[in-house]
Amino acid sequence: MTAMEARTALNSSEDRLIGSETPYGLATVFEHAGGSAERYLLRFIPRYGDGFNPAGTVMFGSYRSLAEGVAAALAAYGVSELDWQPIRLADLPKGDGHAPEIRGRKFIQPGDDR
């Protein structure tokens, strides 16, 4: 799918969700219909190997306008105003992901020797 301007991508998304892949993961902006003034939610799902790690999802912030959310994505993840695609909620990465195991004060990453 071809990248497009954020507003155009959002208007063509039936789930009101847009995304942009970076070398480090997937940035998403979701427009929710709730009563909050901050309707645009920016999240980031980091890459893990050839896919994504949903367990590492970061809720970066909530914004009053799409322009503010897109500006935050540019500042944090290098995503341009013109690098967005409409995506469906059903197409977001799924699964438990790969979270570190915590033993006392030690973090054990999947695959580390024990």
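In what follows, the accompanying structure is described. (Residues numbered from 1 in each chain as written. Predicted model: local features only at pLDDT ≥ 70, side-chain atom pairs only at ≥ 80, totals over all residues. Heavy atoms only, no water.)

### A look at the layout of surface pockets
- Of the pockets and cavities examined, the largest pocket occupies roughly 190 Å³.
- Residue lining of the largest pocket: 13 residues in total, with Gly19, Glu21, Leu26, Gln85 and Ile87 positioned closest to the centre.
- Contributions of two or more residues to the lining of the largest pocket are made by β1 (17-22) and β6 (85-86).
- Considering only residue class, the lining of the largest pocket consists of six nonpolar, three polar and four charged. (1 Å grid on protein atoms, 1.4 Å probe; cavity = no way out; pocket = protein on both sides within 12 Å on 5 of 7 lines; lining within 4 Å. Points joined across faces, edges and corners; volume = space filled by probe spheres on them. Helix = DSSP H or I, 4+ residues; strand = E, 2+ residues; numbered from the N terminus. Nonpolar A, V, L, I, M, F, W, Y, C, P; charged D, E, K, R; others polar.)

### Looking at the nonpolar core
- In terms of nonpolar packing, the biggest core is built from 16 residues, with Ala6, Ile18, Val29, Tyr40, Leu42, Leu66 and Trp84 touching the most fellow members.
- Going through the elements one at a time, α1 (6-11), β2 (25-31), β3 (40-48) and α2 (66-77) are the ones with two or more residues in this core.
- At four residues, α2 tops the list of elements feeding residues into this core.
- Beyond its immediate sequence surroundings of up to four residues, Ala6 is in contact with Ile18, Leu66, Val70, Glu81 and Trp84.
- Within the second largest apolar cluster, five residues are counted, among which are Leu17, Leu26, Ile87 and Leu92. (Core = buried A, V, L, I, M, F, W, Y, C linked by side-chain atoms within 4.5 Å. Buried < 20%, exposed > 50% of the residue type's maximum accessible area, 1.4 Å probe, protein only. Contact = heavy atoms within 4.5 Å.)

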